[in-house]
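# Summary of structural features
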Amino acid sequence: MPARRTLVTTLVAGAGLAALAGLALYGSGLVGGNTGPVPCGASAPGLARVEAAARGQVAAMQAPPAPRPAPDVRFKGPDGAETGLADLKGRLLLVNLWATWCAPCKAEMPALDRLQAALGGPDFAVVAINVDTRNLDKPAEWLRQAGIANLAFYADPGGRVLPAIQRDTGSAGLPTTMLIDATGCTIGVMKGPAEWSSPDGLALIRAALGRTG
């Protein structure tokens, strides 16, 4: 009988240790049930700040239910070479899609230019991507004539960006604007134009950056 009791005690103790080991592995994400860090989980505080600051002239800025990786769309950079959103990671981006045939797009371009002049730098940039696919000399010429001097010229003459962003954001028209944090996660979407250089617009960008002043 003592030997039987010793065997039972040993089995119970072993089962307990196995359970503890299983909990440790589960908590570490090494086994099923926890696959590791949630994508864009660290962007949640920025999303919350954007949601709180979306008011007044930028009240239409919509924070998604949770931050998500921005689509890795490809387009032409200011030097004509191909680039993409993934290549621009490292600072907050206000990615705006516009076209010369879109009157509201052109109407908000001066405000985007002023926003870039006011807050653009190592931590933030306006990335205005032209989506014209015809008369490809027209967009740059229009910017020059409109006095848009602070925005770098990005373009997608191949027509790849617009459908990809429309699918990702659910936006059917232009302008469409995405707020993408330094890690490449979407924390806000604007469907339609806004007065980006207004006090409300500046406050929104500062909030996204975590600046209090």
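Computed from a predicted structure; not experimentally measured.

Cut-off values and rules
- Residues numbered from 1 in each chain as written.
- Predicted model: local features only at pLDDT ≥ 70, side-chain atom pairs only at ≥ 80, totals over all residues.
- Heavy atoms only, no water.
- Buried < 20%, exposed > 50% of the residue type's maximum accessible area, 1.4 Å probe, protein only.
- Helix = DSSP H or I, 4+ residues; strand = E, 2+ residues; numbered from the N terminus.
- Arc of directions from axis to C-beta.
- Contact = heavy atoms within 4.5 Å.
- Disulfide = S-S within 2.5 Å.
- Phe/Tyr/Trp six-rings, centres within 6.5 Å; stacked < 30°, edge-to-face > 60°.
- Salt bridge = Lys/Arg side-chain N within 4 Å of Asp/Glu carboxyl O.
- Polar contact = N/O pair within 3.5 Å; in protein donor to acceptor, adjacent residues only side chain to side chain.

The next point concerns helix H4 (residues 138-145). Taken together, the buried positions of H4 are Pro-139, Trp-142 and Leu-143. End-on, the buried residues of H4 take up no more than an arc of 100°, which puts them together on one face. The outward face of H4, more than 90 degrees from its buried face, is lined by the exposed residues Arg-144 and Gln-145. Close packing links the buried residues of H4 with strand E4 (92-98), helix H3 (103-119) and strand E5 (124-130). Downstream of H4 by a residue or two, Gly-147 has a phi angle that is positive, lying close to 75°.

On to the state of the cysteines. One pass over the full model with this rule turns up two disulfides. Here Cys-40 pairs with Cys-185 through a disulfide, and the sulfurs are 2.0 Å apart. The chirality of the disulfide connecting Cys-40 with Cys-185 is left-handed, given an S-S dihedral of about -85°. In this pair, Cys-40 sits in the loop between helix H1 (2-28) and helix H2 (44-53) while Cys-185 sits in strand E8 (residues 185-191), placing the two residues 145 residues apart along the sequence.

Before going further, it helps to spend a moment on the packing of aromatic side chains. Taken as a whole and assessed by the stated rule, the structure comprises two aromatic pairs. Summarising the aromatic geometry, the rings of Phe-75 and Tyr-154 are spaced 5.8 Å apart at their centres and angled 80° between planes, so their arrangement reads as edge-to-face. Of the two residues, Phe-75 is situated in strand E2 (residues 74-76) and Tyr-154 in strand E6 (residues 154-155); the sequence distance between them amounts to 79 residues.

This part covers the pattern of salt bridges. Applying the stated criterion across every chain, the model contains eight salt bridges. With its nearest N and O atoms 3.5 Å apart, the salt bridge here joins Arg-74 to Glu-82. We classify Arg-74 as partly exposed; its relative accessible area is 26%. Exposure remark for Glu-82: the relative accessible area of 42% places this residue in the partly exposed category. The shortest N-O distance in the salt bridge between Glu-82 and Arg-160 comes to 3.2 Å. Of this pair, Glu-82 sits in strand E3 (residues 82-84) while Arg-160 sits in the loop between E6 and helix H5 (161-169); the two residues are 78 residues apart in sequence, bridging distant segments of the chain. Using a relative accessible area of 44% as the deciding quantity, one classes Arg-160 as partly exposed. Among the ionic contacts, a cluster of salt bridges with common partners joins Arg-74, Glu-82, Asp-87, Asp-156 and Arg-160.

Now for the side chain of Asp-156. The residue Asp-156 is located in the loop between E6 and H5 in this model. Looking at Asp-156, its side chain comes within polar contact range of the main-chain nitrogen of Arg-160, at 2.7 Å. In contact with Asp-156, not counting residues within four places along its chain, are Arg-74, Phe-75, Ile-129, Asn-130, Val-131, Asp-132, Thr-133, Val-161 and Leu-162.

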